[in-house]
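The residues making up each chain are set out below.
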Amino acid sequence: MWPPNLPWKVRLFVTAFGFLTDASFRRNGSVNRRFINLIDFKISPSDKPVNGVTTSDITVDPSRNLWFRYFLPSAAEAGKKLPVTVYFHGGGFVMLSPSSQLFDDLCRRLAKELPAVIVSVNYRLAPEHRCPASYEDGVDVLKFLDENPPANADLTRCYIVGDSAGGNIAHHVTARAGEHNFTNLNIAGVIPIQPYFGGEERTESEIQLAGAPLVSVERTDWCWKAFLPEGSDRDHPAANVFGPKSSDVSGLKFPKSLVFMGGFDPLRDWQESYCEGLKGNGKEVKVVDYPNAMHSFYAFPDLPESTLFMRELQDFIYPQ
């Protein structure tokens, strides 16, 4: 089921992306990365401003290829310190990176329009590196920033952001970071954008939105099997945060949240359950739900929800 009035360029892209994704997911649980690379165009960092933003790649741990792309908008050039957004990209836990054009463009837009310093994390991918590798990478990047504060970044205003699978990672990294005492860094909020959660149950949205672009039950099942620890089912706490196998999070140090949802996202029921779980455990949550938005709407500036999305981010990061 497709959203109404979807521009033909967006429809063409998501159709091609879905086709190549399916072709890349092998039956044996591995990924054919040659196929993925046909549409995963890579962008190099640039010390010359592109759309008012410079970028550089900073290594955290070469042994596991852990690095991040640092997006610095011109708004910070005059010595002004900006909020820090630590960003975890989507891709079903198994594909894409901060250098993917899709996320280089998105993070560049975030840096300029918010404005904010963006730290886009290159975490390890499944199935080569299963859960909790990406969560561990995320926490280690926070520790690296805490020990090596960037000159233009106000680490007291650090926001953990992620889309789709990155939204899942953003939650778990924030939860793990709550157990660590940082010297300079303070997590002011977490922003899961259409986060990738699931469970053994088939929800109404998964059933009714069968055939929706980019996300399907078949694809999500494949990704969970590739990502979760061997022998786990979808009720593993990494997927089903407030499910039958999850632990009590009521005493967990957790900041305020801004969660984005879309009416044409098959994962919306899981996202709604996640928000209810946070609220039920005494956590502050604001939910923004766009009825006509598909999964990954934020990556397409031509969609009207993408503009509204940016305004909500600005209001959250720069509260009046």
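Residues numbered from 1 in each chain as written. Predicted model: local features only at pLDDT ≥ 70, side-chain atom pairs only at ≥ 80, totals over all residues. Heavy atoms only, no water.

Draft legend 1. Structural context of the packing of helix α3 (residues 101–113) against helix α9 (residues 304–317). For the pair α3 and α9, the least separation of the axes is 11 Å and the interaxial angle reads 50 degrees. Considered as vectors, α3 and α9 are oriented oblique to each other. When you trace α3 past α9, the crossing you get is right-handed. On the side of α3, the interface is formed by Arg109, Leu110 and Glu113, while α9 contributes Ser306, Thr307, Phe309, Met310, Leu313 and Gln314. (Axes fitted to C-alpha atoms, helices over the stretch in contact; angles between N-to-C directions. Helix = DSSP H or I, 4+ residues; strand = E, 2+ residues; numbered from the N terminus. Parallel < 35°, antiparallel > 145°, perpendicular 65-115°, else oblique. Left-handed = near helix turned anticlockwise from the far one by under 90°. Contact = heavy atoms within 4.5 Å.)

Draft legend 2. Geometry of the environment of Ser97. Residue position: Ser97 is located in the loop between β3 (82–88) and α3. For the pair Ser97 and Tyr196, spaced 99 residues apart in sequence, the C-alpha separation works out to 17 Å. If we skip the residues at most four places from it in the chain, Ser97 touches Lys42, His89, Phe103 and Asn122. Polar contacts involving the side chain of Ser97 include one to the side chain of Ser99, which spans 2.9 Å. (Polar contact = N/O pair within 3.5 Å; in protein donor to acceptor, adjacent residues only side chain to side chain.)

Draft legend 3. Structural context of empty space enclosed by the protein. Within this structure, the stated rule accounts for four cavities of 30 Å³ or more. Space inside the largest cavity adds up to approximately 320 Å³. What lines the largest cavity is a set of 26 residues, among which Phe17, Gly91, Met95, Leu214 and Ser296 lie closest to the centre. Among the elements that line the lining of the largest cavity, the one with the most residues is helix α1 (residues 8–24), at four residues. Residues of the lining of the largest cavity, tallied by class, amount to 14 nonpolar, ten polar and two charged. (1 Å grid on protein atoms, 1.4 Å probe; cavity = no way out; pocket = protein on both sides within 12 Å on 5 of 7 lines; lining within 4 Å. Points joined across faces, edges and corners; volume = space filled by probe spheres on them. Nonpolar A, V, L, I, M, F, W, Y, C, P; charged D, E, K, R; others polar.)

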